[in-house]
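Spelled out from the first residue to the last, the chains are:
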Amino acid sequence: SDSAGWITLDIAYRKGSEAYLEFVPSEDDLARNRPPSGEGGRSYYGVQKVVFHDGSEGPREEFSSALTLLESKTPKSAADLGTNYGQLLVNAIENWQTGEINDVERAFLDRFIRDGLLPNSTNQLPNLASLVAEYRTLEADIPNGRRAPGVVETTAYNAPLFNRGDHRHPGEPVPRRFLEALGSHDYKTALSGRLELAEDITNPSNPLTSRVIVNRIWHELFGRGLVATVDNFGRMGEKPTHPELLDYLASAFVNPASGSNAIESGFGWSIKSMIRFIVTSKTYQMASTPSEKSTEIDPDNQLLSHVRVHRLEAESVRDSLLAISERLDPTMFGPGANALAAATEQKRRSIYLTIRRNTLSPFLEVFDAPKPFTTLGRRDATNVPAQSLALLNDPFVIEVSRVWASLLIGEAQSEPARVNTMFERAFARPATAAELITSQTYLADLAREYNTPPDGLLTSEPVWRDFAQSLFNFKEFIYVQ
């Protein structure tokens, strides 16, 4: 509301629990839930009082706008009353100018403006029109602040243990400390202990952090970590296939970079340097075709004699579709894009799609995009009929195919040359002789289906749209070999 008043929040169902209430101005709220119209902007609010009570009714509204009159002299006539009003208004306006206005004076002044008893528009005050216009121009040039979630260190306390996660029956308080398995000791601090925890996590003598990071990097690059259970390094997890390699990489990762040769010195906790080191190795650059001997003695390819064939992640599948059709918007930063927008409006990279837990993208979900409910070190990589159905029927895929077809029609090419061009863009290789023959047969079938004459084949958008979409359904399009 734009006027003072009580706001009631029913928190009965939280009784017995700790609660956190957050008040944010509209621009912060819109940054997370911006309406399609783009309405909103700067705003402010004030909180005078917070009252907790057990009754069904909240505090009564106070007519504080009249309270300031009680502090003035008792009027003996209507003229005295008018004088009192005038002086109180002058005082309120002067205090407002100097920033010393109190809540009672603010309510008093607000009432006069709302009732139209004080002029506050350029129509009523034409002499101020130019100054107000200049003020609005300067105000519009001030950008809204960019904010990020953060934490503030204040007095902290030891949280109780929730036995089996039941918050309704808290146990004894547990001191703030690191993991007991890694030599835990209580944190002697009146603050939260976050700093001490961060220092313990990144301590070079802590063997767990660097191994977890390096193993996850390896998992993302090779499709399987040196420890297959990337979220579990405990007794229930799998043993590393190359323990010495894991130790070497973990040690090099935390060692400071002290020269041009990072391999001999260290990577100084640089993930980019570690990735560069791994992808330039001979192991990473191997082919995906196994030899007969490796298939016989190492069917699971744990010894890494060849590269594992793995499917693209959901975001990469979507971005590939946009890139091939030349619709991908490479703009960095800015507000998130609507994942459920119309197919013709989807252009931004998947990393910029707004994620809302109750309105996830069906296209990304079908390709195993993780649900944002918990952390996930290793994604699922399924191969189910729903994926093929999505590539055949999803409006986004159909629109991308149409755009790509319209681009191809604008290129002066023969039928075989265009087929080769499409294979190169989709698979980074030309079509084989057999694929070229099959493609031309399929194009002829499509031309008959759409009643397209032979001389109109190269300019038929429906024909080339369907052919483009058929290429997207190749397993080769969504799998890396």
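These numbers were taken from a predicted model, which means no experiment stands behind them. (Residues numbered from 1 in each chain as written. Predicted model: local features only at pLDDT ≥ 70, side-chain atom pairs only at ≥ 80, totals over all residues. Heavy atoms only, no water.)

Novice: How would you summarise the overall build of the protein if you had to cite specific residues and measurements?
Specialist: The secondary structure content of the protein amounts to 18 helices and four strands. Computed over the C-alpha atoms, the radius of gyration of the protein is 33 Å, more than 25% above the 23 Å expected from 2.2 N^0.38 for a compact globule of 481 residues. With the principal axes as the frame, the protein shows a C-alpha extent of 110 × 75 × 50 Å. Expressed as a percentage of its 481 residues, the buried residues of the protein come to 27%. Only carbon and sulfur atoms are counted for the fraction: they give 55% of the accessible area of the protein, which is about 32700 Å². Taken as two groups, the 49 positive and 62 negative side-chain charges of the protein have centres that lie 3 Å from each other. (Helix = DSSP H or I, 4+ residues; strand = E, 2+ residues; numbered from the N terminus. Rg over C-alpha atoms; globule rule 2.2 N^0.38 Å. Buried < 20%, exposed > 50% of the residue type's maximum accessible area, 1.4 Å probe, protein only. Areas by Shrake-Rupley, 256 points an atom, 1.4 Å probe, with all protein chains shown as cover. Lys, Arg positive; Asp, Glu negative; His and termini not counted. Charge placed at Lys NZ, Arg CZ, Asp CG, Glu CD.)

Novice: Which residues make up the nonpolar core, and what values do they have?
Specialist: Phe363, Trp404 and Phe467 are the most contacted members of the largest nonpolar core, which has 40 residues in total. Elements with a minimum of two residues in this core: helix H11 (314-324), helix H12 (362-366), helix H13 (385-393), helix H14 (395-409), helix H15 (415-427), helix H16 (433-449), helix H17 (461-472) and helix H18 (475-478). One finds Val214, Phe222, Leu249 and Phe267 within the second-largest nonpolar core, a separate group that totals 16 residues. (Core = buried A, V, L, I, M, F, W, Y, C linked by side-chain atoms within 4.5 Å.)

Novice: Account for unusual backbone geometry, with residues named and values stated.
Specialist: Non-glycine residue Leu304 carries a positive phi angle of around 60°. In this fold, Leu304 is placed in the loop between helix H10 (292-297) and strand E3 (310-311). The class of Leu304 is buried, set by a relative accessible area of 10%. With a phi angle near 55°, Asn451 is a residue other than glycine that sits in the positive phi range. Relative to the assigned elements, Asn451 resides in the loop between H16 and H17. By relative accessible area, Asn451 is classed as exposed at 70%.

Novice: Could you give an account of H16, with specific residues and numbers?
Specialist: Relative to the 24 Å expected for 17 residues at 1.5 Å per residue, H16 spans 25 Å between its end C-alpha atoms, a close match to the ideal helical length. Of the positions making up H16, those classed as buried are Glu435, Ser439, Leu443, Leu446 and Ala447. Each buried residue of H16 lies within a common arc of 110° when the element is viewed along its axis, so the set occupies one face. Across H16 from its buried face, at more than 90 degrees, point the exposed residues Ala433, Ala434, Ile437, Thr438 and Arg448. One or two positions beyond H16, positive phi appears at Asn451, with a value near 55°. (Expected span 1.5 Å × (residues − 1). Arc of directions from axis to C-beta.)

Novice: Can you tell me about the packing of H14 against H15, naming the residues and giving the values?
Specialist: H15 packs onto H14 with a crossing angle of 135° between their chain directions and a minimal axis gap of 12 Å. Judged on the interaxial angle alone, H15 and H14 are oblique. As H14 runs across H15, the sense of the crossing is right-handed. Contacts between H14 and H15 involve Trp404, Leu408 and Ile409 from the first element and Arg418, Met422, Arg425 and Ala426 from the second. (Axes fitted to C-alpha atoms, helices over the stretch in contact; angles between N-to-C directions. Parallel < 35°, antiparallel > 145°, perpendicular 65-115°, else oblique. Left-handed = near helix turned anticlockwise from the far one by under 90°. Contact = heavy atoms within 4.5 Å.)

Novice: Explain the packing of helix H8 (residues 243-254) against helix H9 (residues 271-279) to me, and be specific about the residues and the numbers.
Specialist: Orientation of H8 relative to H9, taken along the N-to-C sense of each, is 140°, at an axis distance of 10 Å. The orientation of H8 with respect to H9, classified from their angle, is oblique. Handedness of the H8/H9 crossing: right-handed. Residues Tyr248, Leu249 and Phe253 of H8 lie in contact with H9, whose contacting residues are Ile271, Met274 and Phe277. Per-class residue counts for the contact of H8 with H9 are six nonpolar, no polar and no charged. (Nonpolar A, V, L, I, M, F, W, Y, C, P; charged D, E, K, R; others polar.)

Novice: Just give me the short version of a nonpolar patch on the surface, but keep the residues and values in it.
Specialist: Nonpolar side chains collect at one region of the surface, where Ile7, Leu9, Ile11, Leu21, Phe23, Tyr45, Val47, Val50 and Phe52 lie side by side and expose about 970 Å² of accessible area between them. Among the secondary structure elements, Phe23 is positioned in the segment before helix H1 (26-32). (Patch = residues over 30% accessible without salt bridge, like charges linked within 9 Å, V, L, I, M, F, W, Y side chains within 5 Å. Salt bridge = Lys/Arg side-chain N within 4 Å of Asp/Glu carboxyl O.)

Novice: Give me the side chain of Ser210: which residues, what numbers.
Specialist: Checked against the element boundaries, Ser210 lands in helix H7 (residues 207-222). For Ser210, a relative accessible area of 4% corresponds to the buried category. Residue contacts for Ser210: discarding those within four places in its chain leaves Ala250, Phe253 and Val254.

Novice: Please give an account of the environment of Ser130 that cites residues and values.
Specialist: By secondary structure assignment, the location of Ser130 is in helix H5 (residues 129-140). With 58 residues separating them along the chain, Ser130 and Lys188 place their C-alpha atoms 61 Å apart.

Novice: Summarise the pattern of salt bridges; cite the residues concerned and give the values.
Specialist: Two side chains of opposite charge can pair, provided their charged atoms sit close to one another. In total, this model carries 19 salt bridges according to the counting rule given. Among the salt bridges present, the one from Arg211 reaches Asp247, with a minimum N-O distance of 2.5 Å. With Arg211 in helix H7 and Asp247 in helix H8, this residue pair connects regions lying 36 residues apart in the sequence. Judged by its relative accessible area of 24%, Arg211 is partly exposed. For Lys371, the salt bridge goes to Glu365, with nearest N and O atoms at 3.5 Å. Look at Glu365 and you get partly exposed, because its relative accessible area is 32%.

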